[in-house]
Amino acid sequence: MSTRVIIGSSNEKIIKQLSLFLIENGLSVIGEATSGHDLLRKVHTVYPDLAIVDYKLKGMNGHELSEIIIGERLCPVIALISHGEMEHFINLSQEPTFVPLIKPCNKQMLIGTVDLLVKTSKSIEMLEKQLNHLKTKTNAEVLIAKAKQLLIENMNLTEEEAHRRIQKQSMDKGISKIKIAEAIILMYEG
């Protein structure tokens, strides 16, 4: 599946040239806009893999637009800017899913940057999912351990008996061990 890109510039000639170049290099251009507000609406609607924005946009400049897209974690952004506009992007240049490119930029550099930025974004997304999974798993383990400890203290059970009791109630009632553990904690500490 090819990378889905949305392009924004107040110059329609730049949009057409960039679209043609990206399509020729195997990317899918799924949206174009000359207005910052229109581009933002499209990003919220089509969820592209990447946005390429020119600093000069109607209604909202590329810096404001980039801050919103990156801040809301909608997609990675490449900003096409002049040397004089670079100062506006200092705070965004620390973001791993944002790259400013000075115009005119080398076409191979643009394609390489698109590829790298999309891969980086997908890696970050995958790592965040793994981290959330680990946090959820750890929280569940902590709750179940606390519930077992309460059963051991209040019902004079062994750890194995407490574990088996939580497991059996979970299977008998058809609900997760976490919910059983929460109910046990609520019953003894609530």
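Refer to the preceding data block for the structure.
Residues numbered from 1 in each chain as written. Predicted model: local features only at pLDDT ≥ 70, side-chain atom pairs only at ≥ 80, totals over all residues. Heavy atoms only, no water.

### Description of helix 6 (residues 177–189)
Within an α-helix, residues lying three or four positions from one another point in the same direction, as the helix has 3.6 residues per turn. The terminal C-alpha atoms of helix 6 lie 18 Å apart, and with 13 residues this matches the ideal 18 Å at 1.5 Å per residue to within 8%. Within helix 6, burial applies to Ile180, Ala181, Ile184 and Ile185. Buried residues of helix 6, viewed axially, fall in a sector of 135°; they line one side. With respect to the buried face of helix 6, the exposed residues turned more than 90 degrees away are Leu186 and Met187. Those residues of helix 6 hidden inside the fold are in contact with helix 4 (107–155) and helix 5 (159–173). (Helix = DSSP H or I, 4+ residues; strand = E, 2+ residues; numbered from the N terminus. Expected span 1.5 Å × (residues − 1). Buried < 20%, exposed > 50% of the residue type's maximum accessible area, 1.4 Å probe, protein only. Arc of directions from axis to C-beta. Contact = heavy atoms within 4.5 Å.)

### Quick look at the nonpolar core
Ranked by internal contacts, the top residues of the largest apolar core, which has 21 residues, are Leu39, Val53, Leu65 and Ile69. Broken down by secondary-structure element, the contributors of at least two residues to this core are helix 2 (36–46), strand 3 (50–54), helix 3 (62–71) and strand 4 (77–81). Not counting residues up to four positions away in its chain, the partners in contact with Leu39 are Ile6, Ile7, Gly8, Ala33, Val53, Leu65 and Ile69. Ile15, Ile78, Val114 and Leu117 belong to the second-largest nonpolar core, a separate cluster that totals 17 residues. (Core = buried A, V, L, I, M, F, W, Y, C linked by side-chain atoms within 4.5 Å.)

### Quick word on the pairing of strand 2 (residues 28–33)
One face of the sheet, then the other: side chains in a regular strand alternate in exactly this way. With five bridges connecting them, strand 1 (residues 4–8) and strand 2 associate as parallel partners. Its bridge partner being in strand 2, Ile7 is matched across the sheet by Glu32. (Pairing = 2+ DSSP bridges.)

### Quick look at the environment of Ala145
By secondary structure assignment, the location of Ala145 is in helix 4. A relative accessible area of 41% means that Ala145 is categorised as partly exposed. A sequence separation of 17 residues divides Ala145 from Ala162, and the C-alpha atoms of the two residues are 9.5 Å apart.

### As for the state of the cysteines
Under the counting rule described, the total for this entry stands at zero disulfides. Distance from the sulfur of Cys75, which forms no disulfide, to the nearest cysteine sulfur (Cys105) is 17 Å. Classification of Cys75 by relative accessible area gives buried; the value is 7%. Looking at Cys105, the relative accessible area reads 25%, which means it is partly exposed. (Disulfide = S-S within 2.5 Å.)

### Comments concerning the sheet that holds strand 2
Strands sit in the order 2-1-3-4-5 across an open sheet of five strands; the sheet is parallel. The sheet is open, and its two edges are formed by strand 2 and strand 5 (98–102), each paired on a single side. Each neighbouring strand pair of the sheet contributes to a mean axis angle of 20°, computed without reference to strand direction. Relative to strand 4, strand 3 runs parallel, the two sharing four bridges. From the neighbouring strand, Val53 faces strand 4, where its bridge partner is Ala79. (Axes fitted to C-alpha atoms, helices over the stretch in contact; angles between N-to-C directions.)

### Quick look at the pattern of salt bridges
What the rule picks out here adds up to twelve salt bridges. With a closest N to O distance of 4.0 Å, Asp38 and Arg41 form a salt bridge. Of this pair, Asp38 and Arg41 both sit in helix 2, separated by three residues, roughly a single helical turn. Among the salt bridges present, the one from Asp38 reaches Lys42, with a minimum N-O distance of 3.7 Å. Taken together, the residues span about one helical turn, with Asp38 and Lys42 both in helix 2 at a distance of four residues. The exposure class of Lys42 is partly exposed, given its relative accessible area of 27%. (Salt bridge = Lys/Arg side-chain N within 4 Å of Asp/Glu carboxyl O.)

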